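# Fold and contact review
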Number of protein chains: 2
Amino acid sequence: MRYSIGQVAKKTGLTAHTLRYYEKEGLLPFVQKTGSGLRVFSDTDIGWLEMIECLKGVGMSLKGIKQYIDWFREGDETLPQRLEMFLQQRAHLEKQMEQLNKHMAKINYKIHLYTEAVRLGSLEKAHQNKELQAEQQRVYGDMF
Amino acid sequence: MRYSIGQVAKKTGLTAHTLRYYEKEGLLPFVQKTGSGLRVFSDTDIGWLEMIECLKGVGMSLKGIKQYIDWFREGDETLPQRLEMFLQQRAHLEKQMEQLNKHMAKINYKIHLYTEAVRLGSLEKAHQNKELQAEQQRVYGDMF
DNA sequence: GTAATCTTTAGAGTTAACTCTAAGTCAATA
DNA sequence: TATTGACTTAGAGTTAACTCTAAAGATTAC
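Residues numbered from 1 in each chain as written. Chains lettered and ligands numbered in written order. Predicted model: local features only at pLDDT ≥ 70, side-chain atom pairs only at ≥ 80, totals over all residues. Heavy atoms only, no water.

### A word on the sheet that holds strand 3 (residues 39–42) of chain B
Residues and elements named next belong to chain B. Strand order in the open sheet formed by three strands is 1-3-2, with antiparallel pairing between adjacent strands. Where the open sheet ends on each side, the last strands, each with one partner, are strand 1 (2–3) and strand 2 (32–33). Pairing of strand 1 with strand 3, which is carried by two bridges, proceeds in the antiparallel orientation. Note that in strand 3 the partner of Tyr3 across the bridge is Phe41. On top of the sheet, helix 3 (residues 43–57) reaches strand 1 and strand 3; it is set at about 75° to strand 3, its chief contact. (Pairing = 2+ DSSP bridges. Helix = DSSP H or I, 4+ residues; strand = E, 2+ residues; numbered from the N terminus. Contact = heavy atoms within 4.5 Å. Axes fitted to C-alpha atoms, helices over the stretch in contact; angles between N-to-C directions.)

As structure tokens, this is what we get:
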């Protein structure tokens, strides 16, 4: 299948502006153009956009993503670099997920605390609840 | 305990510049000053910084964090808003973690693929591995 | 065929979150 | 007392990642 920039924008949720910007930054080197200059996206290009979304989602910068795409274009001699990059991203992602789990515990504590506070009409009083105090101890050491 | 801005910077990993910036943006309304204008951070302030780090970590903007701090300062009449905010953050965080799990599956596939590609000296050949093809089917529908 | 819509370009503007500078003040040490 | 290093301020500068503009050309629907 072939897609115009507008169709790709709808499909991916990115704007046409953003897609042109990505191309300008070297992230979409495989997109074709018609004789009159219009971009024509293939399913392969959509696949690249999904990969870009994944790498952005795990915290890579556009510059880092471009590096990967450049390595890809250089062919099999850059296989080790690409493997190394993915290994690093996995390590980074693992730390990120660990952090998010800790954050989730804090947020859950807050939800319990504020649910009780709303019920009692007072944050002060909710803080006196023994179970909440115990949860706070497990999760943090703070008081906000 | 009392801390200078430099000590807090070391403790938190933020720079003194960033701490002043947070204060200017209204994120640290409880920090005291000496007669001569030096900031004096308390353990309570460190606690607020930890909360700020958590909220930033789950994707809140400084503006959103300031809103929470402002509500906190307004007292018990804003308890429902604060509860609502934390409920929204939890929902957001859940989606985020789900996304990260999907990203992790893709990254793991890439690691398997590139490990094999490095062994064989060819990405093309690695793609012919049936197990990798099956993993790819499970994880995506793409080829990058 | 014409009106409406889509796409093109180069380049300027925006936003969030820092990050730094300059000129001066303060505190601790030799 | 002099030096060293941390701290103060207002405000300018930076960076990443968009986001938009304007004017013109291309495509689609009727």
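After presenting the structure, the write-up continues.
### Overview of the relation of the copies chain A and chain B
Overlay of chain A on chain B (RMSD 0.0 Å): rotation 180°, translation along the axis 0.0 Å. Such a combination of rotation and displacement between the chain copies is what one expects of a two-fold axis. No C-alpha of chain A lies nearer the rotation axis than that of A:Met97, which sits 3.6 Å from it. Here 100% of the interface residues in chain A have copies in chain B that are interface residues too; the copies meet face to matching face. (Least-squares fit on C-alpha atoms with pLDDT ≥ 70 in both.)

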